[in-house]
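Spelled out from the first residue to the last, the chains are:
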Amino acid sequence: MTAQTLYDKLWEQHRILSEEDGRTLLYIDRHLLHEVTSPQAFSGLRAAGRKLWRVDANIATADHNVPTTDRAAGIADATSRLQVETLDRNCAEFGVEEYGMLDRRQGIVHVIAPEQGLTLPGMTVVCGDSHTATHGALGALAFGIGTTEVEHVLATQCLWARKSKNMRVWVDGTLPQGVTAKDLVLAIIGQIGTAGGTGHAIEFAGPGIEALSVEGRMTVCNMAIEAGARSGMVAPDAKTFAYLQGRPHAPQGDDWERAVAFWQTLHSDSDAQFDREIRIDASQLLPQVTWGTSPEMVLSVDAKVPDPAAAPDPVRREAWTRALEYMGLQAGTPISEIAVDKVFIGSCTNARIEDLRAAAEIVRGKRKADSVKAVLVVPGSGLVKAQAEAEGLDEIFRQAGFEWREPGCSMCLAMNADRLEPGERCAATSNRNFEGRQGAGGRTHLVSPAMAAAAAIAGHFVDLRRWHG
Amino acid sequence: MQAFTTLDSAVIPLDRANVDTDAIIPKQFLKTIERQGLGQFLFFDWRYRDGDLSDPNPDFVLNRVDLQGAQVLLAQQNFGCGSSREHAPWALADYGIRAAIAPSFADIFANNCVQNGILLITLQQETIDTLFLAARAAPLQVHIDLAAQELHSADGQHYSFDIAPGAKHKLLNGLDDIQMTLAHADAIRAFEAERRRQMPWLFREVQHG
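Our subject in this report is the structure included herewith. Throughout, residues of each chain are indexed from 1 in the direction in which the sequence is written. Written order determines the labels here, with chains lettered from A and ligands numbered from 1. Where totals are concerned, whole chains, interfaces and linings use all residues; where local detail is concerned, this predicted model gives features only for residues with pLDDT of at least 70, and gives and counts side-chain atom pairs only at 80 or more. Excluded from the side-chain calculations are hydrogens and water; all other atoms, namely the structure's heavy atoms, are used.

## So, the pattern of salt bridges
Residue and element names in this part refer to chain A.
Item 1. The rule for a salt bridge is simple: a side-chain nitrogen of Lys or Arg has to be within 4 Å of a carboxyl oxygen of Asp or Glu. According to the stated counting rule, one finds 39 salt bridges over all chains in the structure shown.
Item 2. For Arg15, the salt bridge identified is with Glu12, shortest N-O distance 2.9 Å.
Item 3. Exposed residues in this analysis have more than 50% of their type's maximum accessible area, buried residues have under 20%, and partly exposed residues fall in between, with area computed by a 1.4 Å probe over protein chains only. Given a relative accessible area of 39%, Glu12 falls into the partly exposed group.
Item 4. Here Arg23 makes a salt bridge to Asp21, at a shortest N to O gap of 3.9 Å.
Item 5. Members of the salt-bridge network, linked through shared partners, are Lys342, Lys373 and Glu424.

## What about unusual backbone geometry?
Backbone geometry follows two general trends: most residues other than glycine have a negative phi, and most peptide bonds adopt the trans configuration.
Residues and elements named next belong to chain B.
Item 1. With a phi angle near 55°, Phe43 is a residue other than glycine that sits in the positive phi range.
Item 2. Put simply, DSSP marks the helices as runs of H or I at least four residues long and the strands as runs of E at least two long, and each gets a number from the N terminus on. As for its position among the elements, Phe43 is in the loop between α1 (21-24) and α2 (44-47).
Item 3. The backbone of Asn78 sits at a positive phi, close to 60°, despite the residue not being glycine.
Item 4. The buried category is assigned to Asn78, whose relative accessible area is 2%.

## Focus on the environment of Ala155 of chain A
Item 1. Mapped onto the fold, Ala155 of chain A is located in helix α5 (residues 147-156).
Item 2. Assessed through its relative accessible area of 6%, Ala155 of chain A is described here as buried.
Item 3. On a C-alpha basis, the gap between Ala155 of chain A and Arg54 of chain A in space is 8.2 Å, while along the polypeptide they are 101 residues apart.
Item 4. Contact between two residues is taken to exist if any of their heavy atoms lie within 4.5 Å; hydrogens are not considered. Each residue touching Ala155 of chain A, except ones within four places of it in the same chain, is listed here: Leu45, Arg50, Lys51 and Trp53 of chain A together with Ile178 and Leu182 of chain B.

## Section: the sheet that holds strand β8 (residues 158-162) of chain A
All names here are of chain A.
Item 1. Here three strands make up an open sheet; going across it, the order is β1-β2-β8 and the pairing antiparallel. With one partner strand each, in any of the chains shown, β1 (15-18) and β8 form the two edges of the open sheet. If you compare each strand with its neighbour and ignore which way they point, the axes differ by 30° on average.
Item 2. Across three bridges, β1 lies against strand β2 (residues 23-27) in antiparallel orientation. Looking at β2, one finds that Ser18 is bridged to Thr24.
Item 3. Of the strands in this sheet, β1, β2 and β8 are in contact with helix α1 (residues 6-13), which crosses β1 at around 85°. A pair of strands is considered paired only if DSSP assigns at least 2 bridges between the two. Axis lines are fitted to C-alpha atoms, over the contacting stretch for helices. Their N-to-C directions set the angle, which ranges from 0 to 180 degrees.

## A closer look at the interface of chain B and chain A
Item 1. Listed as interface residues are 61 residues of chain B and, on the opposing side, 84 residues of chain A.
Item 2. Note on terms: buried area is the combined drop in 1.4 Å-probe accessible area of two parts once they are placed together, counting the loss on both. When chain B packs against chain A, the two sides together hide about 5,900 Å² of surface, and 55% of this comes from carbon and sulfur.
Item 3. Looking at the side of chain B facing chain A, the largest losses of area belong to Lys31, Trp201 and Arg204 of chain B, adding up to 15% of the total buried there.
Item 4. If you look at where chain B meets chain A, you find five salt bridges.

## Things to note about the state of the cysteines
Residue and element names in this part refer to chain A.
Item 1. We call a pair of cysteine sulfur atoms a disulfide whenever their separation is within 2.5 Å. For the structure shown, the criterion picks out zero disulfides over all chains.
Item 2. The thiol of Cys91 is unpaired, and the distance to the nearest cysteine sulfur, on Cys127, comes to 12 Å.
Item 3. By relative accessible area, Cys91 is classed as buried at 2%.
Item 4. Of the cysteine sulfurs around Cys127, a residue in no disulfide, the closest is that of Cys409, at 9.7 Å.
Item 5. Under the relative-accessibility criterion, Cys127 is labelled buried at 0%.

## Regarding the sheet that holds strand β18 (residues 425-428) of chain A
All names here are of chain A.
Item 1. Read from one edge of the open sheet, five strands run β17-β16-β15-β18-β19, paired in parallel fashion. The strands lining the two open edges of the sheet, one partner per strand, are β17 (403-404) and β19 (443-446).
Item 2. Sheet topology note: the strand β15 (residues 342-345)/β18 ladder contains three bridges and is parallel. Bridging from a neighbouring strand, Lys342 pairs with Cys426 of β18.
Item 3. The sheet strands contacting helix α15 (residues 449-458) are β15, β16 (374-377) and β18, and the helix crosses β15 at an angle near 150°.

## Details of the packing of helix α12 (residues 353-363) of chain A against α15 of chain A
Residues and elements named next belong to chain A.
Item 1. Between α12 and α15, the least distance of the axes is 8 Å, while the angle of their chain directions is 30°. The angle between α12 and α15 falls in the class roughly parallel. Between α12 and α15 lies a crossing whose hand is right-handed. Of the residues in α15, those touching α12 at Asp355, Ala358, Ala359, Ile362 and Val363 are Pro449, Ala450, Ala453, Ala454 and Ile457.
Item 2. Gly counts as polar in this scheme, as do all residues outside two lists: the nonpolar Ala, Val, Leu, Ile, Met, Phe, Trp, Tyr, Cys and Pro, and the charged Asp, Glu, Lys and Arg. By residue class, the composition of the contact of α12 with α15 is nine nonpolar, no polar and one charged. The scheme is simple: roughly parallel for angles under 35 degrees, roughly antiparallel for over 145, roughly perpendicular for 65 to 115, oblique for anything else. Take the far helix as the reference: if the near one is turned anticlockwise from it by less than a right angle, the crossing is left-handed, and if turned clockwise, right-handed.

## Here we look at helix α4 (residues 107-115) of chain B
Item 1. When we look at burial in α4 of chain B, the residues that qualify are Ile108, Phe109, Asn112, Cys113, Val114 and Gln115 of chain B.
Item 2. Just downstream of α4 of chain B lies Gly117 of chain B, where phi reads positive at about 75°.

## Topic: the packing of helix α3 (residues 87-95) of chain B against α4 of chain B
Residue and element names in this part refer to chain B.
Item 1. It is at 9 Å that the axes of α3 and α4 come closest, and there the two elements cross at 45°. It follows from the interaxial angle that α3 and α4 lie oblique. Read as a crossing pair, α3 and α4 show a hand that is right-handed. Contact residues: α3 offers Ala88, Pro89 and Leu92, while α4 offers Phe109, Asn112 and Cys113.
Item 2. When the residues that make up the contact of α3 with α4 are grouped by side-chain class, the tally is five nonpolar, one polar and no charged.

## Observations concerning the side chain of Asn116 of chain B
Item 1. Within the element layout of this structure, Asn116 of chain B appears in the loop between α4 and β4 (119-122).
Item 2. Polar contacts involving the side chain of Asn116 of chain B include one to the side chain of Glu86 of chain B, which spans 2.9 Å. Within 3.5 Å is the distance limit for a polar contact, defined as a pair of N or O atoms, with the added protein rule that one can donate a hydrogen and the other accept it, and that residues adjacent in sequence qualify only through two side-chain atoms.

## Focus: the pairing of strand β6 (residues 124-127) of chain A
All names here are of chain A.
Item 1. Side-chain alternation along β6 places Thr124 and Val126 on one buried face and Val125 and Cys127 on a second face that is also buried.
Item 2. Across three bridges, strand β3 (residues 30-33) lies against β6 in parallel orientation. Paired with His31 across the two strands is Val126, which belongs to β6.
Item 3. Inspection of the sheet shows β6 paired to strand β7 (residues 141-144) by four bridges, in the parallel sense.

## Details of the packing of aromatic side chains
Item 1. Stacked, edge-to-face and tilted labels apply to pairs of Phe, Tyr and Trp rings (six-membered ring for Trp) whose centres lie within 6.5 Å, assigned for plane angles under 30 degrees, over 60, and everything in between, in that order. The tally for this structure, following the rule as stated, stands at 17 aromatic pairs over all chains.
Item 2. Consider the rings of Phe397 of chain A and Phe402 of chain A, whose centres lie 5.9 Å apart with planes at 10°: the pair is stacked.
Item 3. Taking the relative accessible area as the measure of exposure, Phe397 of chain A reaches 0% and is therefore buried.
Item 4. Take Phe402 of chain A: its relative accessible area is 4%, and that puts it in the buried class.
Item 5. Look at Phe397 of chain A and Trp404 of chain A: their rings are 5.9 Å apart centre to centre, the planes differ by 20°, and that puts the pair in the stacked class.
Item 6. Residue classification places Trp404 of chain A among the buried positions, given a relative accessible area of 11%.
Item 7. Ring pairs connect the aromatic residues Phe29, Phe41, Phe44 and Tyr48 of chain B, which therefore count as one cluster.
Item 8. For a Lys NZ or an Arg CZ to count as sitting over a ring, it must be within 6 Å of the ring centre and within 35 degrees of the ring normal. In this structure, Arg247 of chain A is placed above the aromatic ring of Tyr243 of chain A, and the distance from its NZ or CZ to the ring centre is 3.9 Å.

In structure tokens, the structure reads:
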């Protein structure tokens, strides 16, 4: 048998049939639903009189629109409320299990599925959300889909897909102190660009990936889409199995033993061929900060805002010029002199317990700078929130003048009430720094949780390696 | 879904790279539970001044008087990057865009366009540059023939383009994927039964409440 990559194996194991034109009908094991991309899919089913193919494959939660403040009063915004209530109604009508807004298991869909053991190695996982790539960290083939495809999965448990090319990002070395999985993935995107992975499935591998925790791997895979790849993945290993064991929907007893034996076969064969391979040395990385309006516009914290005149081509010169204007930055300004108005710690990229611990460690015993108007800490799920509170992290944040919120997507995309005002500058642990992403006119700098926490204390970005608060 | 056979239209030259889905349709308009009605908010932040629907920005290409009613977008590389939300193609379709031409498109966006009857034409960067040059001053009319996979521009240029046969078939006939898939229901059931036998842990009891 020819050598296969991890992606080849996952693809082949879910291939029901292929058409002559190369389109393949793939079986979908897990389908995650949220309120923004599902209403039109359910109404399509209803209009056609169709039922769900396999109810138990689906799980739903409300995350994008939910308020992160007291929820007893419900949702103030009428359109947000309508979307969340529509999800509740659709799940009830079609029999889909839902972690509703008041359920302690509610949270960001990409945080709760691994947390519940609903994402397992070897699965295909889809969701109407591009950050579905997150689940690849457990050795699943996971990718985002549009609403028409959401409807298709609900009705058929399958998707038509065309196989991507294989790409491997090989990470040598291990990350230095103060440099995290977030910095690693930002540096990768800086190296290959936001279209660098287009048409490819990316496997992240090498000593630098093996050294990451499972949560760190989720942060890396989460941003595969920011490198243009629909899916990112990491071969499951002992850390993955330890992470999953005992979770509510993880296999148990004999099933567990059988599952682990199978999961151990989920890795690229040693002589597997990749269409594209890039290497990066983790040991050489510094904390990363984005300076522009695309995740590829990223630099080390010790760098200076670039001069568009030095851009490698006219398209980028134009993009850099536009980005600097939007961001209100001058070429040549040291990154560490950029002052922030707000700080957001959260999102499907960085709202897991390890992220909150990393932020709390920086913050402990300190207070936010007076110049920083607000710092939002938004845990990824109700269970992450409970864990953080059990560890006293919420108190550390509160004493620093940070706001401790309820779980949801929050200010990553500002669909709820959490947003930037025009011109406000934010250090954010989320994944996109697009124009207007965190609120019309808002300016986003993507960083790790530790870097965001330090910026909240100092009032500007700092080089964590040299900063002592 | 409306079938796509041929189209005659002026092109709307949007000369920006990496136009993301948040720019195509900002997220404040994603709270709809309908598919229609998003066209008026297409490119909202660029198209209107100070977020005021009654104050169109005259410098933005969509507001050019001579391009009103145009149905083809000419764009730069990596168009449609960002979110998987289908609201971006819905907004384009609702505005009346039926085809887009660019050096490259983001993967998920490209998939979503096919699902909504929008034809995406990928051409070499040099060709795109030529088209932008031709479309800059005055409207450039194009004729698109999907069956022949050809694009003719009014300045006498002809370009052929590639498209996956499956996508072409769907667009030409305006087909619904679910119907096509359910023709394979037996194969899906057989695959599923075997999977359940080998990996029972992938199937679970549904809980409610």
